[in-house]
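Working through the structure, step by step
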Amino acid sequence: MIEFIHKHITSELQQNTKTDIIFIITSIVLNLIVLAVNSGMSEESKDDQTFLVVMILFVVLLILLNAVVIVGLHKGKQTRSKLLSGLLKMYKDQNVEKYYDSTLMGNYNTRYNLFMLVVVLTGIIAIIVPFVLR
């Protein structure tokens, strides 16, 4: 039974990682697309208010999507922490905890924080640069 639970937890960790990768890549790609599109429209938005409205709509979309990604990454961070805590308890019960360095949990938390920072910073750049160009 222990082997089944171990396999299930590691499978959940792998799924968690895949989901986080999708969140991060989607966010960064959309941030870069909005940056490019809004930068391209910035010159035309001086004369035509329609372009300005479209730029603002893209900014709203970008903010909403990045908020969803940050929440998703935060939940992913919590999930990973809970799953790893379970593994560590299992390893302790089986007297093999010395083979897994528990400080890795802190490293994972730092990594999640860095991912969220990248999402936020690329989002900020995607919002500010086109309006500065305008």
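Residues numbered from 1 in each chain as written. Predicted model: local features only at pLDDT ≥ 70, side-chain atom pairs only at ≥ 80, totals over all residues. Heavy atoms only, no water.

1. A closer look at the nonpolar core
Threshold: Take the buried residues of types Ala, Val, Leu, Ile, Met, Phe, Trp, Tyr and Cys, join any two whose side-chain atoms come within 4.5 Å, and each joined set is a nonpolar core. For every residue, the accessible area obtained with a 1.4 Å probe (protein chains only) is divided by the maximum for its type, and the residue is called buried under 20%, exposed over 50%, and partly exposed between those limits. Helix numbering and strand numbering both begin at the N terminus, where a helix is a DSSP run of H or I of at least 4 residues and a strand a DSSP run of E of at least 2. Contacts between residues were defined by any pair of non-hydrogen atoms, one from each residue, lying within 4.5 Å.
Counting 10 residues, the largest nonpolar core is built from Ile 9, Leu 13, Leu 83, Leu 84, Leu 87, Leu 88, Met 90, Tyr 91, Tyr 100 and Met 105. Elements supplying a minimum of two residues to this core: helix H1 (2-42) and helix H2 (49-93). With 6 residues, H2 is the single largest residue contributor to this core. Contact partners of Tyr 100, with chain neighbours within four places excluded, come to Leu 84, Leu 88, Tyr 91 and Tyr 108.

2. Digging into the side chain of Ser 42
As a reminder, the rule being used: Distance and chemistry together define a polar contact, namely a pair of N or O atoms within 3.5 Å, with one atom able to donate a hydrogen and the other to accept it when in protein, and with adjacent residues in sequence counting only for side-chain atoms on both sides.
By the secondary structure assignment, Ser 42 is in helix H1. When its relative accessible area of 4% is taken as the criterion, Ser 42 is described as buried. Among the polar contacts listed, one links the side chain of Ser 42 to the backbone oxygen of Ser 39, at a separation of 2.8 Å. Non-local contacts of Ser 42, meaning those with residues more than four positions away in its chain, are made with Met 55, Pro 130, Leu 133 and Arg 134.

3. With respect to the pattern of salt bridges
Inclusion rule: Whenever Lys or Arg places a side-chain nitrogen within 4 Å of a carboxyl oxygen from Asp or Glu, that contact is recorded as a salt bridge.
For the coordinates displayed, the defined rule picks out 1 salt bridge. The closest approach of N and O atoms between Lys 46 and Glu 43, which form a salt bridge, is 3.5 Å.

4. A word on unusual backbone geometry
Not every positive phi belongs to a glycine, and Asn 95 is a case in point at roughly 60 degrees. Counting through the fold element by element, Asn 95 comes out in the loop between H2 and helix H3 (104-133).

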